[in-house]
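Residue-level structure breakdown
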Amino acid sequence: MPNYDAIVIGTGQSGPALARRLVAADCNVAVIERKLFGGTCVNTGCTPTKTLVASAYAAHVVRRAADYGVKIEGAVNVDMKAVKARKDAVVAPSRNGVERSLKTLKGCTVYEGHARFVAEKEVAVDGTELTADRTFINVGARAAIPPIPGLDQVSYLTNTSMMDVDFLPPHLVILGGSYIGLEFGQAYRRFGSEVTIIESGPRLIAREDEDISQAIADFFREEGIDVRLDSKVVGVEKQGNSIAMKVESVGRSSQVVGTHLLVAVGRRPNTDDLGLDKAGVATDAHGYIQVDDQLRTNVAGIWALGDCNGRGAFTHTSWNDFEIVAANLLDNEERRVSDRITAYALYTDPPLGRAGMTEAQVRQSGKPALITTMAMEDVSRAYEKGETKGFMKILVDRDSKQILGASLLGLSGDEVIHCILDVMYAKAPYTVLQRAMHIHPTVSEFIPTMLEDLQPLQ
Ligand SMILES: Cc1cc2nc3c(=O)[nH]c(=O)nc-3n(C[C@H](O)[C@H](O)[C@H](O)COP(=O)(O)OP(=O)(O)OC[C@H]3O[C@@H](n4cnc5c(N)ncnc54)[C@H](O)[C@@H]3O)c2cc1C
């Protein structure tokens, strides 16, 4: 039975980096991957979707060319085969890079197959049993499929199968009005599909503030996307070449018929077929592996990193998990999950950059707070670029003067948010940012200006 110092299960965002650090610390490491090296981000998540969003943005700008004084004769067509080929060309080097770097890493043995625990310190992969004192689980998550009657009788799409689409779905119906559904929805509308988004809750991206949800629903409707809120799909059936959904919406029943259906209602961890019971590793009711602040499971010698631990659902949180485990284990430096500040972006156009608390969370906390908002119409760079949709808002603790959170929905919101995030990490008062001289003309130059106009949060 091959024995290693460490086993890494899964090659998502934290596994490969940790394997490299362990090897550098003279550990003999086994890495196990059952499918595509690089995991979700590289193959079916961030990289391909942002590549598709870029193609969609190009189509959108070309359609608006006349607004900028640019004349384009004839119709604008999107070649979906070329869009997919571009996406594949961006993805392939990343995937191959992860695979090659692990396979050529001295001290690292790569196994390709599905890993399952057979005991606390034993993992089986396709009939081979490996042992190690330390195991790191980085198995990620997959699309959750809701138990809707008839759904299993139609061929629906998920974020994974969307990666093979090289044609224009005439009418794409999307189940779920959250981050993944919104990014695909706007991109496909811009490619030329009819798009219907069906959301069971009363608003899109319910975790955000109501004004953010409302603004995004407005942009989407302006682009011709049919956004249906408070609408629950209660049945699905095939109708010729189409898919029909029975929708119940505040006491009324209706039918939505589309040519293609994308299910984007959330994620579930890949922990159900991992033999966790054989190792005695505890999960919560949703299958997420329970971990402490340093990502240790309840079993000594087993850690869980990335989406499967339920402590984050992003590439940067998974990468940060790697940094935390490496620091504690190899660098004798104490780092904790609770030290990180919530931060993420939604890559609609305009994008949403988020840091810290929402306004609703600040209100709930009862902290005495100040707020400042600015419409993107008042941001000269946005005006010059003809991209004035959205608004920015920042919340500050009245007493400590520290920034509590920000939501930047507008041009470059995904980038500008970092100037706020870094001041939050520095635990510096907002006045540091308010007095900083930022470059003109940028969106960021208005962050200090906004902070001059803080008002009590009523
Ligand atoms: C459509 C979409 C868009 C996204 N966009 C963004 C974004 O813009 N920004 C962002 O930060 N995040 C985004 N995310 C989330 C991001 O992709 C994940 O949070 C990130 O990939 C972290 O994943 P991970 O490290 O937990 O594992 P993953 O990347 O999911 O990798 C897990 C790996 O483990 C392997 N595996 C699973 N089980 C086993 C087993 N039993 N044996 C062997 N191998 C196994 C899998 O094959 C996979 O390769 C997006 C996700 C989706 C779905």
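Residues numbered from 1 in each chain as written. Predicted model: local features only at pLDDT ≥ 70, side-chain atom pairs only at ≥ 80, totals over all residues. Heavy atoms only, no water.

1. Overview of the layout of surface pockets
Our working rule: Buriedness for pockets is judged along seven lines, at least five of which must meet protein on both sides within 12 Å for an open set on the 1 Å grid over protein atoms alone, while cavities are sets there where a 1.4 Å probe fits but cannot get out, and lining residues have an atom within 4 Å of a point. Grid points are joined across faces, edges and corners, and a volume is the space filled by probe spheres set on the points. Comment: elements are numbered from the N terminus, with helices defined as DSSP H or I runs of at least four residues and strands as E runs of at least two. Residues are grouped as follows: Ala, Val, Leu, Ile, Met, Phe, Trp, Tyr, Cys and Pro are nonpolar; Asp, Glu, Lys and Arg are charged; every other residue, Gly included, is polar.
By volume, the second largest pocket amounts to about 380 Å³. What lines the second largest pocket is a set of 19 residues, among which Val53, Tyr57, Thr348, Asp349 and Pro351 lie closest to the centre. Secondary-structure elements contributing two or more residues to the lining of the second largest pocket are α3 (46-63) and α5 (179-191). Top element by residues in the lining of the second largest pocket is α3. It accounts for 5 residues. Its residues assigned to classes, the lining of the second largest pocket comprises 9 nonpolar, 3 polar and 7 charged.

2. Quick notes on the sheet that holds strand β12 (residues 242-249)
This is how the line gets drawn: Here, a strand pair is defined by DSSP locating no fewer than two bridges between the strands. Every axis in this analysis is a line fitted to C-alpha atoms, fitted for helices over the stretch in contact. Angles between the N-to-C directions lie between 0 and 180 degrees.
Strands sit in the order β11-β12-β13 across an open sheet of 3 strands; the sheet is antiparallel. The outermost strands of the open sheet, each flanked by one partner alone, are β11 (231-239) and β13 (252-258). For this sheet, the mean angle separating the axes of adjacent strands, direction not counted, is 25°. Of the strand pairs in this sheet, β11 and β12 are connected by 8 bridges, and their pairing is antiparallel. For Gly235, the partnering residue across the bridge sits in β12 and is Lys246.

3. Regarding the environment of Lys427
Summarising the element assignment, Lys427 is placed in the loop between α11 (413-425) and α12 (430-434). Distance in space between the C-alpha atoms of Lys427 and Asp88 is 41 Å, their sequence separation being 339 residues.

4. Focus on the site of the ligand
Applied cut-off: When at least one non-hydrogen atom of a residue lies within 4 Å of a molecule or strand, that residue is treated as near it. N or O atoms within 3.5 Å of each other form a polar contact, as long as, within protein, one can give a hydrogen and the other can take it, and as long as residues adjacent in sequence are counted only when both atoms are side-chain atoms. All accessible-area figures derive from a Shrake-Rupley calculation using a 1.4 Å probe, and residue coverage is judged against the displayed protein chains alone.
By nearness alone, 37 residues border the ligand, and Glu33, Thr40, Lys50, Asp307 and Ser318 come closest of all. Lys50 is positioned such that a nitrogen or oxygen atom in its side chain is 2.8 Å from an oxygen atom of the ligand. Here an oxygen atom of the ligand sits 2.9 Å away from a polar atom, N or O, in the main chain of Thr315. Look at the ligand: alone it shows 1,000 Å² of surface, and the protein chains cover 94% of it. Residues of the shell around the ligand, tallied by class, amount to 13 nonpolar, 18 polar and 6 charged.

5. Let's talk about the nonpolar core
Put simply, the test is: Put simply, a nonpolar core is a bunch of buried Ala, Val, Leu, Ile, Met, Phe, Trp, Tyr and Cys residues held in one set by side-chain atoms that sit within 4.5 Å of each other. Three labels apply to residues, based on accessible area from a 1.4 Å probe with only protein chains included: buried if under 20% of the type maximum, exposed if over 50%, partly exposed otherwise in between. We call two residues in contact whenever any of their non-hydrogen atoms come within 4.5 Å of each other.
Counting 47 residues, the largest nonpolar core has Ile9, Val29, Ile32, Phe117, Phe136 and Ile137 as the members making the most contacts within it. Residues contacting Phe136, with those up to four places away along its chain left out, are Ala6, Ile7, Val8, Ile9, Leu18, Leu22, Trp303, Leu305, Val325 and Leu329.

6. Let's talk about a nonpolar patch on the surface
Stated precisely, the cut-off is as follows: Two distance rules govern patches: like charges are joined within 9 Å, and nonpolar side chains (Val, Leu, Ile, Met, Phe, Trp, Tyr) within 5 Å, applied only to residues with over 30% relative accessible area and no salt bridge. The term salt bridge refers to a side-chain nitrogen of Lys or Arg lying within 4 Å of a carboxyl oxygen of Asp or Glu.
A cluster of nonpolar side chains, contributed by Val62, Tyr68, Val70 and Ile72, occupies part of the molecular surface with about 310 Å² of accessible area. With respect to the helices, strands and loops of the structure, Ile72 is situated in the loop between α3 and α4 (80-103). Classification of Ile72 by relative accessible area gives partly exposed; the value is 42%.

7. Focus on empty space enclosed by the protein
Counting across every chain of the model gives 1 cavity of 30 Å³ or more. Counted as a void, the largest cavity has a volume near 30 Å³. Contributing to the lining of the largest cavity are Leu52, Met80, Val83, Lys84, Lys87, Met162, Met163, Val165 and Tyr188. Looking at the lining of the largest cavity, the element that brings in the most residues is α4, giving 4 residues. Across the lining of the largest cavity, the residue classes tally to 7 nonpolar, no polar and 2 charged.

8. With respect to the packing of aromatic side chains
Just so we agree on the cut-off: Stacked, edge-to-face and tilted labels apply to pairs of Phe, Tyr and Trp rings (six-membered ring for Trp) whose centres lie within 6.5 Å, assigned for plane angles under 30 degrees, over 60, and everything in between, in that order.
Inspection of every chain in the model, using the stated rule, returns 6 aromatic pairs. Aromatic side chains Tyr4 and Tyr111 sit 6.2 Å apart centroid to centroid with 90° between the ring planes, which places their arrangement in the edge-to-face category. Of this pair, Tyr4 sits in strand β1 (residues 3-9) while Tyr111 sits in strand β3 (residues 108-112), and the two are 107 residues apart along the sequence. Ring pairs connect the aromatic residues Tyr179, Phe314 and Tyr344, which therefore count as one cluster.

9. A closer look at the sheet that holds strand β9 (residues 194-198)
Strand pairing in a sheet relies on backbone hydrogen bonds, with the paired strands running either antiparallel or parallel. Across the sheet, which stays open at both edges, the 4 strands sit in the order β10-β9-β8-β14 with parallel pairing between neighbours. The sheet is open, and its two edges are formed by β10 (226-228) and β14 (260-263), each paired on a single side. Across the sheet, the mean angle separating the axes of adjacent strands is 15° when strand polarity is ignored. The pairing of β9 with β10 spans 3 bridges and is parallel. Paired with Ile197 across the strands is Val227, a residue of β10. Against the sheet, α5 engages β8 (171-175), β9 and β14, with an angle of about 160° to β9.

10. A word on α3
Operational definition: For a helix, the expected span equals 1.5 Å multiplied by the number of residues minus one.
Across its 18 residues, α3 extends 26 Å between first and last C-alpha, which sits within 8% of the 26 Å expected from 1.5 Å per residue. For α3, the full list of buried residues reads Thr47, Pro48, Thr49, Thr51, Leu52, Val53, Ser55, Ala56, Ala59 and His60. Along its buried surface, α3 packs onto α2 (39-43), α4 and α5.

11. A word on the packing of α3 against α4
Inclusion rule: The scheme is simple: roughly parallel for angles under 35 degrees, roughly antiparallel for over 145, roughly perpendicular for 65 to 115, oblique for anything else. Crossings are assigned a handedness: left-handed for a near helix turned anticlockwise from the far helix by less than a right angle, right-handed for a clockwise turn.
It is the contact of α3 with α4, at a shortest axis distance of 9 Å, that shows an interaxial angle of 140°. With respect to α4, the axis of α3 lies oblique. Here α3 runs over α4; the crossing is right-handed. Packed against α3, whose contacting residues are Thr47, Pro48, Thr51, Leu52, Ala54 and Ser55, the element α4 presents Val83, Arg86, Lys87, Val90 and Val91 at the interface. Grouping the amino acids of the contact of α3 with α4 by side-chain chemistry returns 6 nonpolar, 3 polar and 2 charged.

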